[in-house]
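Below are the chains, spelled out letter by letter.
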Amino acid sequence: MALVPLFQSQETIAGKISVEPVQGKKVEHNGIKIELLGQIEIYFDRGNFYDFTSLVRELDVPGDIYERKTYPFEFSTVEMPYETYNGVNVRLRYVLKVTISRGYAGSITQYQDFVVRNYSPPPSINNSIKMEVGIEDCLHIEFEYNKSKYHLKDVIIGKIYFLLVRIKLKNMDLEIRRRESTGSGANTHVETETLAKFELMDGESIPIRLFLSPYELTPTHHNINNKFSVKYYLNLVLVDEEDRRYFKQQEITIYRTAETSS
């Protein structure tokens, strides 16, 4: 797996570009530039890229290069509001693109991807979740979780109370699900992944303690550039002896903190 540079929003991105002609030859060009691009690619949209960030620095005026030449570049305090994301139907990426413009032979381009991670402080308000699921006169369950917003290395602590059970349950699972929505209107595509599944034991009161760190979670993304969203849910699934399924779903928020990010 190739290593790539890591940045966060408002950092300065600087470096050097070197152009070296083949021995004994020269590079004729109509100018050299470097671009910093933030792009969203939706896979079912014919691989089109939507640029939400586009910065350009001109490195050289038209001319000839006879030997290795190095160009420093700098993009100061760059606004990079969204995290890098690679999903099922969409990816959000940041890239440096160098273009050597040439008329007769076609331009030369080179790309260097880099990763952006943005960090959030712990939320000042983080309410607990209390919900009910039931079928009249057959089933009544209450469940609660200690909070509704979790960082990537957090632990979900909660409890499930079985207040009334008049059907025979075969098994009970608690799932962590990720829902990725891309596009809009009639062209919306939704992909739901079950990232983790925990089998729950019998009892009147069942404690829950789920560690998030083993799973490949990302922060929650809300309507990024009007192109996609990524949300997380806790899904309680009950299956009775006749294989009928009952479930209750609750959205939770995932965020990244600097202290817990690896």
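Residues numbered from 1 in each chain as written. Predicted model: local features only at pLDDT ≥ 70, side-chain atom pairs only at ≥ 80, totals over all residues. Heavy atoms only, no water.

In the nomenclature of an unreviewed UniProt entry, the protein chain is known as Vacuolar protein sorting-associated protein 26A of Ambrosia artemisiifolia. UniProt, in its Sequence similarities (unreviewed entry) section for the protein chain, records the words "Belongs to the VPS26 family." (UniProt positions renumbered as here; feature names shortened; annotations may be inferred.)

Describing the overall build of the protein chain
Along the backbone of the protein chain there are zero helices and 20 strands. Over its C-alpha trace the protein chain gives a radius of gyration of 25 Å, far above what one expects of a compact globule, namely 18 Å for 262 residues. For the protein chain, the spread of C-alpha atoms along the principal axes amounts to about 85 × 40 × 30 Å. Looking at the protein chain as a whole, 39% of its 262 residues qualify as buried. Considering only contacts within the protein chain whose residues lie at least 6 apart along the sequence, 65% involve residues at least 24 apart. Approximately 15100 Å² of the protein chain is accessible, and the part contributed by carbon and sulfur atoms is 46%. (Helix = DSSP H or I, 4+ residues; strand = E, 2+ residues; numbered from the N terminus. Rg over C-alpha atoms; globule rule 2.2 N^0.38 Å. Buried < 20%, exposed > 50% of the residue type's maximum accessible area, 1.4 Å probe, protein only. Contact = heavy atoms within 4.5 Å. Areas by Shrake-Rupley, 256 points an atom, 1.4 Å probe, with all protein chains shown as cover.)

Overview of the packing of aromatic side chains
This structure, assessed with the given rule, holds eight aromatic pairs. Taken together through their ring pairs, the aromatic side chains of Phe7, Phe52, Tyr82, Tyr94 and Phe114 make up a single cluster. Seen from the ring of Tyr233, Arg179 lies directly overhead, with NZ or CZ sitting 4.5 Å from the centre. The aromatic ring of Tyr50 is capped on one face by Lys227, whose charged end is 3.7 Å from the ring centroid. (Phe/Tyr/Trp six-rings, centres within 6.5 Å; stacked < 30°, edge-to-face > 60°. Lys NZ or Arg CZ within 6 Å of the ring centre and 35° of its normal.)

Points about the layout of surface pockets
In this structure, the second largest pocket occupies an estimated 250 Å³ of space. Forming the boundary of the second largest pocket are 16 residues, of which Ile17, Ser18, Val98, Ile100 and Gln110 lie nearest the centre. Put simply, the parts of the chain that give the lining of the second largest pocket at least two residues each are strand S2 (13-19), strand S9 (90-100) and strand S10 (108-116). Among the elements that line the lining of the second largest pocket, the one with the most residues is S10, at five residues. Residues belonging to the lining of the second largest pocket are distributed by class as follows: eleven nonpolar, four polar and one charged. (1 Å grid on protein atoms, 1.4 Å probe; cavity = no way out; pocket = protein on both sides within 12 Å on 5 of 7 lines; lining within 4 Å. Points joined across faces, edges and corners; volume = space filled by probe spheres on them. Nonpolar A, V, L, I, M, F, W, Y, C, P; charged D, E, K, R; others polar.)

Focus: the side chain of Arg93
When you line up the elements, Arg93 lands in strand S9. A relative accessible area of 13% means that Arg93 is categorised as buried. Within polar-contact distance, the side chain of Arg93 engages the side chain of Asp113 at 3.5 Å. (Polar contact = N/O pair within 3.5 Å; in protein donor to acceptor, adjacent residues only side chain to side chain.)

Things to note about the pairing of S9
Working note: regular strand, side chains alternate between the two faces of the sheet. Counting buried residues along S9, nine of its eleven residues qualify, which places the element largely inside the surrounding structure. Two strands pair when backbone bridges link them, and strand S4 (residues 32-42) and S9 are joined in this way by eleven bridges, in the antiparallel orientation. Looking across to S9, one finds that Lys33 is bridged to Thr99. As paired strands, strand S8 (residues 85-86) and S9 are joined by two bridges and run antiparallel to one another. Within S9, the residue paired with Asn86 across the bridge is Arg91. Counting the residues in the hairpin turn of S8 and S9 gives three residues. Sheet analysis places S9 next to S10, joined by seven bridges and oriented antiparallel. (Pairing = 2+ DSSP bridges.)

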